[in-house]
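Architecture and fold: a report
Here's the letter readout for the chains.
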Amino acid sequence: MSINTSTAGAGTASNSSTTILLGRILLAAIFLLSGFGKLTAISGTAGYFGAMGLPVPTVTAIVVGLIELLGGIAILVGFQTRIAAWVLAIFTIATALVAHTGWADQNQMIHFLKNVAITGGFLVLASSGPGAYSIDARRG
């Protein structure tokens, strides 16, 4: 009995690309929602950032909102995916270290670990690339 390896390989690539697409959608969702929320409520976000002691809270709110929204869109559609994944990995670990280090509070520890896990997902995406179902793949 012989196995057509070209068909098996194509099925594996297709399955892998579908899984990567699903991963991109799941990673992007939180950043799309969070970035949109920040940009549509700048004063509230700036107030929160100011209370945390972050510098120039309004500017910080806009920059953070844009990183999340534009980075989320890039990951979702697979555009400049490796770069976007690195930017969001660095951003996400920085967020964990700035906003979620009150580990005596279990909720803060959970948020910190969530950010660490998301960072891991972005590092895998930066390494593996966006898969076949992406703008990057269509551009060659």
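Structure report, in brief. (Residues numbered from 1 in each chain as written. Predicted model: local features only at pLDDT ≥ 70, side-chain atom pairs only at ≥ 80, totals over all residues. Heavy atoms only, no water.)

**With respect to the packing of aromatic side chains**
As a reminder, the rule being used: Pairing of aromatic side chains requires ring centres within 6.5 Å, counting the rings of Phe and Tyr and the six-membered ring of Trp. Pairs whose planes differ by under 30 degrees are stacked, by over 60 edge-to-face, and all others tilted. Only protein chains enter the accessibility calculation, which uses a 1.4 Å probe. A residue is then buried if its area is under 20% of the maximum for its type, exposed if over 50%, and partly exposed in between.
Within this structure, the stated rule accounts for 3 aromatic pairs. Ring centres of Tyr 48 and Phe 49 lie 6.1 Å apart, and the angle between their planes is 45°; this geometry places the pair in the tilted category. By relative accessible area, Phe 49 is classed as buried at 8%.

**Thoughts on a nonpolar patch on the surface**
Under the convention used in this document: In this analysis, a patch consists of residues with relative accessible area above 30% that form no salt bridge, clustered at 9 Å for like charges and at 5 Å for the nonpolar side chains Val, Leu, Ile, Met, Phe, Trp and Tyr. For the area figures, the Shrake-Rupley method with a 1.4 Å probe applies, and any residue is considered shielded solely by the protein chains shown. What makes a salt bridge here is a side-chain nitrogen of Lys or Arg within 4 Å of a carboxyl oxygen of Asp or Glu, nothing more. Helix and strand assignments follow DSSP, with helices taken as H or I runs no shorter than four residues and strands as E runs no shorter than two, numbered in order from the N terminus.
Taken together, Ile 25, Ile 62, Leu 66, Leu 70, Ile 73, Leu 76, Val 77, Phe 79 and Ile 135 make up a surface patch of nonpolar side chains, about 680 Å² in accessible area. Among the elements that make up the nonpolar patch, the one with the highest residue count is helix 3 (residues 57–77) (6 residues). As for its position among the elements, Ile 25 is in helix 1 (residues 5–39).

**Looking at the side chain of Ser 134**
Put simply, the test is: Only heavy atoms matter for contacts: two residues are in contact if any of them lie within 4.5 Å across the pair.
Along the chain, Ser 134 falls in the loop between helix 5 (106–128) and helix 6 (135–139). Ignoring any residue separated from it by four or fewer positions in sequence, one finds Ser 134 in contact with Arg 24, Val 77 and Gly 78.

**Considering the pattern of salt bridges**
Counted according to the given criterion, the structure contains 1 salt bridge. A salt bridge links Lys 38 to Glu 68, with the shortest nitrogen-to-oxygen separation between them at 3.1 Å. Placement of Lys 38 in helix 1 and of Glu 68 in helix 3 is noted, with a sequence separation of 30 residues between them. For the pair Lys 38 and Glu 68, one class covers both residues: buried.

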